[in-house]
Amino acid sequence: MASNTYNLRRGHQFFGLGFGLGLSPKAPGTVGTFAALPFIFMTMNFPLWLQLVFAVVISVLGIWACGKTADDLGVHDHPAIVWDEVAGFYITMIGAALNWQTLVVGFLLFRFFDIAKPGPIRMLDKRLHGGLGIMADDILAGICSLICLQALIKVGYLPGL
């Protein structure tokens, strides 16, 4: 039964609401995206394969947490649910050299793809439901952002590793 109240003591809401950052009264998706930073910094020196495994883990966790939180709140993809942004921004930064330039450009790329929802991202957003529906468009936005960020690094517009 939907309660329309937040309870960060419930594990799924703690994650689904991005450790509470999704409760921001202004731009909760943008603010919630910053909850990815500890994970990005924590894993920046991990091998690429382990960063990919971590991305899968936080994405699977997100499918569960976002779906359950949406059920609690009675709203599919409630604006306060931001774990999808956490996973998407984390995916964007996989394998990137971490410096202020890549973080800013990666953040801007991810927010662009997440908000604009071009092509297949919009299709996923409209067609999938539940936790998977909440997460899938942001995962794809993260993949698109990752490709663009890596291309900018590869051609020398941003510093690489």
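Every value quoted in this text rests on a predicted model; they were computed, and no experiment measured them. All residue numbers refer to position in the chain's written sequence, counted from 1. In view of the model being predicted, local features appear only for residues whose pLDDT reaches at least 70, and side-chain atom pairs are presented and counted only at 80 or more, with totals across whole chains, interfaces and linings using the full set of residues. Remark: hydrogens and water are excluded; side-chain values derive from all non-hydrogen atoms of the structure.

Novice: Looking at this model, I keep getting lost on the confidence of the model for the protein. Mind explaining?
Specialist: Should pLDDT be low for a region, the predicted coordinates there are not to be read in detail. Across the chain, each position has a pLDDT score giving the predictor's confidence in that residue, from 0 to 100. Summing up the model confidence of the protein, the mean pLDDT is 95 and the portion of residues at 70 or higher is 98%. Helix and strand definitions here come from DSSP, where helices need a minimum of 4 consecutive H or I residues and strands a minimum of 2 consecutive E residues; each element is numbered from the N-terminal end. Summarising per-element confidence for the protein, the mean pLDDT is lowest in helix H7 (residues 120–127) (91) and highest in helix H5 (residues 83–92) (98).

Novice: Got a minute to help me understand helix H6 (residues 100–116) in this structure?
Specialist: Working note: α-helix, 3.6 residues per turn, so residues spaced by three or four point in the same direction. Take the number of residues in a helix, subtract one, and multiply by 1.5 Å to get its expected span. Over its 17 residues, H6 extends 24 Å from the first C-alpha to the last, a length consistent with the 24 Å expected when each residue adds 1.5 Å. Only protein chains enter the accessibility calculation, which uses a 1.4 Å probe; a residue is then buried when its area is under 20% of its type maximum, exposed when over 50%, and partly exposed in between. Those residues of H6 that sit buried are Thr102, Leu103, Gly106, Phe107, Leu109, Phe110, Arg111, Phe113 and Asp114. After H6 finishes, the residue Lys117 shows a positive phi value of roughly 50°.

Novice: Sorry if this is basic, but what is going on with the packing of aromatic side chains here?
Specialist: For any pair of aromatic rings, the description consists of the separation of the ring centres together with the inter-plane angle of the planes. When the centres of two rings from Phe, Tyr and Trp lie within 6.5 Å, Trp using its six-membered ring, the rings pair. Their planes under 30 degrees apart give stacked, over 60 give edge-to-face, and anything left gives tilted. What the rule picks out here adds up to 12 aromatic pairs. When the ring of Phe112 is compared with that of Phe113, the centres are 5.2 Å apart and the planes differ by 70°; the resulting orientation is edge-to-face. Under the relative-accessibility criterion, Phe112 is labelled partly exposed at 48%. Through a chain of ring-to-ring contacts, the aromatic side chains of Phe14, Phe15, Phe19, Phe39, Phe54, Trp83 and Tyr90 assemble into a single cluster.

Novice: I keep staring at a nonpolar patch on the surface and nothing clicks. Help me out?
Specialist: On the surface, a cluster of nonpolar side chains totalling about 320 Å² of accessible area is made up of Tyr6, Leu8, Phe14 and Leu23. Among the secondary structure elements, Leu23 is positioned in the loop between helix H1 (11–16) and helix H2 (28–33). Here Leu23 falls in the partly exposed class, since its relative accessible area comes to 33%. Only residues whose relative accessible area exceeds 30% and that form no salt bridge enter a patch; like-charged residues are grouped when within 9 Å of one another, and nonpolar side chains (Val, Leu, Ile, Met, Phe, Trp, Tyr) when within 5 Å. Per-residue accessibility takes into account occlusion by the displayed protein chains alone, with areas from the Shrake-Rupley method and a 1.4 Å probe. Any Lys or Arg side-chain nitrogen found within 4 Å of a carboxyl oxygen on Asp or Glu counts as a salt bridge.

Novice: How should the nonpolar core be read in this particular structure?
Specialist: Looking at soluble globular proteins, one finds that nonpolar side chains tend to be buried together. With 34 residues, the main nonpolar core has Ile40, Ile81, Trp83, Phe89, Tyr90, Met93 and Leu149 as its most contacted residues. Contributions of two or more residues to this core are made by helix H3 (37–43), helix H4 (48–73), H5, H6 and helix H8 (130–154). Contact between two residues is taken to exist if any of their heavy atoms lie within 4.5 Å; hydrogens are not considered. In contact with Tyr90, not counting residues within four places along its chain, are Ala36, Phe39, Ile40, Thr43, Gln51, Phe54, Ala55 and Ile58. Here the nonpolar core consists of buried residues drawn from Ala, Val, Leu, Ile, Met, Phe, Trp, Tyr and Cys, with membership extended through side-chain atoms lying within 4.5 Å.

Novice: Is there a simple way to explain the environment of Gly106 in this structure?
Specialist: Residue position: Gly106 is located in helix H6. Separated by 16 residues in the primary sequence, Gly106 and Tyr90 have C-alpha atoms spaced 9.5 Å apart. Sequence-distant contacts of Gly106, that is, excluding residues within four places in its chain, are made with Phe89, Thr92, Met93 and Leu149.

Novice: Explain the side chain of Asp84 to me, please; I cannot follow it from the model alone.
Specialist: Among the structural elements, Asp84 can be located in helix H5. Here Asp84 is buried and forms no salt bridge, its nearest opposite-charge partner Lys117 lying at an N-O distance of 6.6 Å. Contacts of Asp84, omitting those with residues within four sequence positions, involve Cys66, Asp77, Phe110, Ile134, Met135 and Asp138. Note that His is not counted, nor are the chain ends; the positive residues are Lys and Arg, and the negative ones are Asp and Glu.

Novice: Just checking my understanding: could you explain the packing of H5 against H8 for this structure?
Specialist: Two numbers describe a pair of packed helices, the interaxial angle and the distance between the axes. The angle between two axes is taken between their N-to-C directions and runs from 0 to 180 degrees, where each axis is a line fitted to C-alpha atoms and a helix contributes only its stretch in contact. Interhelical geometry of H5 versus H8 gives an angle of 20° and a closest axis separation of 7 Å. As summarised for this structure, H5 and H8 are arranged roughly parallel, according to the angle between their axes. Helix-helix and strand crossings are classified by hand; for H5 and H8 the assignment is right-handed. From H5, Trp83, Asp84, Glu85, Ala87, Gly88, Ile91 and Thr92 reach across to H8, where they touch Ile134, Met135, Asp138, Ile139, Gly142, Ile143, Ser145, Leu146 and Leu149. The scheme is simple: roughly parallel for angles under 35 degrees, roughly antiparallel for over 145, roughly perpendicular for 65 to 115, oblique for anything else. Crossings are sorted by hand: turned counterclockwise from the far helix by less than a right angle, the near helix makes the crossing left-handed, and turned clockwise it makes it right-handed.

Novice: Please clarify how the packing of H4 against H8 should be interpreted in this entry.
Specialist: The interhelical angle for the contact between H4 and H8, taken along N-to-C directions, is 130°, at an axis separation of 7 Å. Comparing the axis directions of H4 and H8 gives the class oblique. The crossing of H4 and H8 is right-handed. Residue-level contacts link Ile58, Ser59, Gly62, Ile63, Cys66, Gly67 and Ala70 of H4 to Gly130, Gly131, Leu132, Ile134, Met135 and Ile139 of H8. In the scheme used here, Gly and all other residues not listed as nonpolar or charged are polar, with Ala, Val, Leu, Ile, Met, Phe, Trp, Tyr, Cys and Pro taken as nonpolar and Asp, Glu, Lys and Arg as charged. Grouping the constituent residues of the contact of H4 with H8 by class yields eight nonpolar, five polar and no charged.

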